[in-house]
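# Structural characterization, general
One letter stands for each residue in the lines below.
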Amino acid sequence: TRSGVVPLWKLQAYRANCLQPRAMTCMFNYYRSLLENRDSLKRQGGGRTRLELPVLLIRGKQDGALRGVLFQGLERFLTNFRLATLDECGHHIAADLPKEVNAEVESFLQ
């Protein structure tokens, strides 16, 4: 997050939770499973498995973990989605730009 956006006490609580036994293993296993299953997800994208409900995706343009290329081709899986990319924002969009995130959500829900 941007410096000073998240209060120190929240960062300390997050750090304490991460240091609990097996906590980081669980967090990494979530992402590992995404990578391990990506081929089966691609196969399902052949028109059989598509979400038709409205979906809002919000990403930070400067996110080093979820780069823009990951969002290409989503129309195979989502028939009604909007991708909002926030400039001057990294991975923790709600912490970095809470007002902008709220505005995107409010606009989407109208």
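Owing to the predicted nature of the structure, the values given are computational and were not obtained by experimental measurement. (Residues numbered from 1 in each chain as written. Predicted model: local features only at pLDDT ≥ 70, side-chain atom pairs only at ≥ 80, totals over all residues. Heavy atoms only, no water.)

## Overview of the overall build of the protein chain
When helices and strands are tallied, the protein chain shows 5 helices and 2 strands. Within the protein chain, the proportion of its 110 residues that are buried is 18%. Contacts spanning at least 24 positions in sequence make up 71% of the contacts within the protein chain whose residues lie at least 6 apart. About 8600 Å² of surface is accessible on the protein chain, with carbon and sulfur atoms providing 55% of the total. (Helix = DSSP H or I, 4+ residues; strand = E, 2+ residues; numbered from the N terminus. Buried < 20%, exposed > 50% of the residue type's maximum accessible area, 1.4 Å probe, protein only. Contact = heavy atoms within 4.5 Å. Areas by Shrake-Rupley, 256 points an atom, 1.4 Å probe, with all protein chains shown as cover.)

## Re the environment of Phe71
Its location among the elements puts Phe71 in the loop between strand E1 (55–60) and strand E2 (81–86). Linking Phe71 and Arg59, residues 12 residues apart in sequence, is a C-alpha distance of 9.4 Å. Once you skip the residues sitting within four places of it in the chain, Phe71 turns out to touch Leu57, Arg59, Leu66 and Leu83.

## Re the nonpolar core
One finds Leu86, Cys89, Ile93, Leu97 and Val101 forming the largest nonpolar core, which totals 5 residues. If we skip the residues at most four places from it in the chain, Val101 touches Ile58, Leu86, Ile93 and Ala94. (Core = buried A, V, L, I, M, F, W, Y, C linked by side-chain atoms within 4.5 Å.)

## Re a nonpolar patch on the surface
Taken together, the side chains of Leu66, Val69 and Leu70 define a hydrophobic patch exposed on the protein surface, amounting to about 260 Å² of accessible area. Looking at where Val69 falls in the secondary structure, it is placed in the loop between E1 and E2. (Patch = residues over 30% accessible without salt bridge, like charges linked within 9 Å, V, L, I, M, F, W, Y side chains within 5 Å. Salt bridge = Lys/Arg side-chain N within 4 Å of Asp/Glu carboxyl O.)

## Describing the side chain of Arg59
With respect to the helices and strands, the residue Arg59 is situated in strand E1. No salt bridge is formed by the buried Arg59. Its closest oppositely charged neighbour is Asp63, at 6.2 Å. When near neighbours in sequence (up to four residues on either side) are disregarded, Arg59 contacts Leu66, Arg67, Gly68, Phe71, Leu83, Ala84, Thr85, Leu86 and Ile93. (Lys, Arg positive; Asp, Glu negative; His and termini not counted.)

## What about the side chain of Asp63?
Note that Asp63 resides in the loop between E1 and E2. Separated by 3.0 Å, the side chain of Asp63 and the backbone nitrogen of Leu66 make a polar contact. In this structure Asp63 touches Cys89, Gly90 and His91, once residues within four positions along its chain are discounted. (Polar contact = N/O pair within 3.5 Å; in protein donor to acceptor, adjacent residues only side chain to side chain.)

## Points about the pattern of salt bridges
Throughout the structure, instances matching the rule amount to 2 salt bridges. In this structure, Glu104 and Arg82 form a salt bridge, with 2.6 Å as the shortest nitrogen-oxygen distance. Note that Glu104 is positioned in helix H5 (residues 98–109) and Arg82 in strand E2, a separation of 22 residues in sequence. Overall, Glu104 belongs to the partly exposed group, its relative accessible area being 21%. Overall, Arg82 belongs to the partly exposed group, its relative accessible area being 29%.

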